[in-house]
Amino acid sequence: MAEDLSPSPIRAGSRGYAAVIALAGAALVLCAVLPWSGVRASSSVIGGTISSDTRGIDDMLGVYALLAGLAALGCGLAGLLARPRLAALAAVPGGLAMLVLVMFVSDPRGPADRVSLDLGELLSVEPVIRYGWYAALAAAFAVVLMAVLALVRRG
């Protein structure tokens, strides 16, 4: 009975998932300040393209993603410093961040207010999703994946 109560030795690889969760959470925080959407206007008359970008934190959903990234970073650090299984709690903020990112794209008023105009080669205006949104989605997915692996795998 006493051997059941004694703490089990922590193997060297058991904190690896927690470290990756902390890094992915930090990446999610960083991605919130990158451009998520924009409006691109192109014209053959002027021979160029003009664009305007919106950062993630310019929208309230981007702020929620930033907070989810901070929570995932905290879970990863808790798993790194205390118990590796605590890192598995990062699945909750990671999943919420993925939901927020999908809501950002599917929102009727965003991204970039869905402005779309096409006058052939004369003028074309369209909303675009920028690299920051894709990077935030990848970071949120990495948080969820590593949290599930931290929960399922032992070591």
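Quantities reported herein were computed from a predicted structural model and do not represent experimental measurements.

**Let's talk about the nonpolar core**
- Residues Leu28, Trp36, Leu101 and Ala136 are the most contacted members of the largest nonpolar core, which totals 14 residues.
- The set of elements that each furnish at least two residues to this core consists of α2 (16-31), α3 (60-81), α4 (91-106) and α5 (131-152).
- Those residues within four positions of Leu28 in sequence are excluded, and the remaining contacts are Ala65, Ala68, Gly69, Ala97, Ala136, Ala139 and Ala140.
- One finds Tyr17, Ala90, Met146 and Ala147 within the second-largest nonpolar core, a separate group that totals 12 residues.

**Focus: α3**
- For α3, which comprises 22 residues, the first-to-last C-alpha distance of 31 Å matches the rise-based estimate of 32 Å (1.5 Å per residue) to within 8%.
- All of the buried residues along α3 are Leu61, Gly62, Ala65, Ala68, Gly69, Ala72, Cys75, Gly76 and Gly79. Viewed along the axis of α3, the buried residues span an arc of 130°, placing them on a single side of the element.
- Contacts made by the buried residues of α3 are with α2, β1 (35-43), α4 and α5.
- At the N-terminal end of α3, a side-chain oxygen is found 2.9 Å from the backbone nitrogen of Leu61, two or three residues along, and the residue is Asp59.

**A word on the pairing of β1**
- As paired elements, β1 and strand β2 (residues 48-55) share eight bridges and run antiparallel to each other. Residue pairing in the sheet places Ser43 in a bridge with Gly48 of β2.
- Hairpin connection, β1 to β2: the antiparallel pair is bridged by four residues, and Gly47 has positive phi, about 70°.
- Pairing of β1 with strand β4 (residues 124-129), which is carried by six bridges, proceeds in the antiparallel orientation. The residue bridging Ser42 from the neighbouring strand is Ser124, located in β4.

**Regarding the packing of aromatic side chains**
- Summed over all chains, the structure comprises two aromatic pairs.
- Between the aromatic rings of Trp36 and Phe104, the centroid separation amounts to 5.1 Å while the plane-to-plane angle is 80°, which identifies the pairing as edge-to-face. Of the two residues, Trp36 is situated in strand β1 and Phe104 in helix α4; the sequence distance between them amounts to 68 residues. With respect to class, Trp36 is no different from Phe104; both count as buried.

What counts as what
Note on numbering: residues in each chain are counted from 1, in written sequence order. Thresholds applied to this predicted model are a pLDDT of at least 70 for local features of residues and 80 or more for the giving and counting of side-chain atom pairs; totals over whole chains, interfaces and linings are not thresholded and use all residues. Each side-chain value is worked out from all heavy atoms of the structure, with water and hydrogens disregarded. As used here, the term nonpolar core means buried Ala, Val, Leu, Ile, Met, Phe, Trp, Tyr and Cys residues forming a set that is joined through side-chain atoms within 4.5 Å. Three exposure classes are used, based on accessible area relative to the maximum for each residue type with a 1.4 Å probe and protein chains only: buried under 20%, partly exposed in between, and exposed over 50%. For helices the rule is a DSSP run of H or I covering at least 4 residues; for strands it is a run of E covering at least 2, with both sets numbered from the N terminus onward. Throughout, a contact is declared for two residues whenever any of their heavy atoms are within 4.5 Å. One less than the number of residues in a helix, times 1.5 Å, gives the span that helix is expected to have. The arc in question is traced by the directions running from the helix axis to the C-beta atoms. Pairs of N or O atoms are called polar contacts if they sit within 3.5 Å, as long as, within protein, a hydrogen donor faces a hydrogen acceptor (for residues adjacent in sequence, only side-chain-to-side-chain pairs). When DSSP locates at least two bridges between a pair of strands, those strands are taken to pair. Geometry of aromatic contacts follows a simple scheme: Phe, Tyr and Trp rings, the Trp one being its six-membered ring, pair when their centres are within 6.5 Å, and the pair is stacked under 30 degrees between planes, edge-to-face over 60, tilted otherwise.

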